Amino acid sequence: MNLASLCRREIISVSAQASVHKAAELMRVHHVGALALTDPEDPTRVVGVVTDRDLVVNLLAQGRSPAEHAVGAFSSVHLIRVPGTSGVYEGVQAMHQHGVRRVFVTEPGGRLMGLLSVDDLLISIADELSGLSEALRIGIDMESTRTSPMFTPGELPGGMYLAQHEP
């Protein structure tokens, strides 16, 4: 499964000069933990990313006033990008290498396609593990219906018994 199929295609954005309050409001309304920050002079150009954690750790926890700063002051300008053709492993590696919980997913030409979060990856991995678990359970069930004891445990020394495969 490639990252293009896992990422959130609708990237919620706000101007880097917007208020912290405006950014927090957008996060709440859209139920997201990160916003792409756009160039105030070119709203199609992403210049940074700000997360709910950035606002808590770098603003509120330090006693700064949200009214005194634009949201861009608390953003990361180092955008981590991963091609949409990459797999889950590459997405996890990028997050691990850069210590982030979200990466931008790009089209072959480098244009932004979407935003991928740890949550997106966990859901995908959990679905795959659930499928593997189900396959294992079905295999065990099928195996147990194909085998039956040849002897009862009391007929062999030490309570042992042999199983016979039935076609």
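This text goes with the structure placed above it.
What counts, and at which threshold
- Residues numbered from 1 in each chain as written.
- Predicted model: local features only at pLDDT ≥ 70, side-chain atom pairs only at ≥ 80, totals over all residues.
- Heavy atoms only, no water.
- Helix = DSSP H or I, 4+ residues; strand = E, 2+ residues; numbered from the N terminus.
- Contact = heavy atoms within 4.5 Å.
- Areas by Shrake-Rupley, 256 points an atom, 1.4 Å probe, with all protein chains shown as cover.
- Buried < 20%, exposed > 50% of the residue type's maximum accessible area, 1.4 Å probe, protein only.
- Pairing = 2+ DSSP bridges.
- Right-handed = clockwise from strand over helix to strand, strands pointing away.
- Salt bridge = Lys/Arg side-chain N within 4 Å of Asp/Glu carboxyl O.
- Axes fitted to C-alpha atoms, helices over the stretch in contact; angles between N-to-C directions.

(A) The arrangement of the overall build of the protein in detail. Counting its secondary structure elements, the protein contains four helices and eight strands. Counting from the amino terminus, helix and strand elements in the protein follow one another as β-α-β-β-α-β-α-β-β-α-β-β. Restricting to contacts in the protein with at least 6 residues of sequence separation, those with at least 24 account for 46%. Accessible area for the protein stands at about 10800 Å²; split by element, carbon and sulfur atoms hold 56% of it.

(B) Just the pairing of strand 2 (residues 34-39), in detail. Most of strand 2 is tucked away, with six of its six residues classed as buried. Here three bridges tie strand 1 (residues 13-15) to strand 2, and the two strands are oriented parallel to one another. By the bridge assignment for strand 2, serine 13 is matched with alanine 36. What joins strand 1 to strand 2 is helix 1 (residues 20-30), and the crossover it makes is right-handed. One ladder, built from six bridges, connects strand 2 with strand 3 (residues 42-51); its direction is antiparallel. The residue of strand 3 that forms the bridge with alanine 36 is valine 49.

(C) Expanded view of the pattern of salt bridges. This model, assessed by the stated rule, comprises three salt bridges. Residue aspartate 39 pairs with arginine 45 through a salt bridge whose shortest N-O separation is 2.8 Å. A relative accessible area of 17% means that aspartate 39 is categorised as buried. The salt bridge partner of arginine 137 is aspartate 141, with a shortest N-O separation of 2.5 Å. Within this pair, arginine 137 and its partner aspartate 141 are both found in helix 4 (residues 118-146), separated by four residues, close to a single helical turn. By relative accessible area, aspartate 141 is classed as partly exposed at 36%. Because the salt bridges share partners, they merge into one network encompassing Glu134, Arg137 and Asp141.

(D) Structural view of the sheet that holds strand 2. If you trace the three strands from one edge of the open sheet to the other, you get 1-2-3, paired in mixed fashion. At either margin of the open sheet sits one strand with a lone partner, and together these are strand 1 and strand 3. Across this sheet, the average inter-strand angle for adjacent strands is 40°, counted without regard to direction. Across the sheet, helix 1 touches strand 1, strand 2 and strand 3, and the angle it forms with strand 2 is around 135°.

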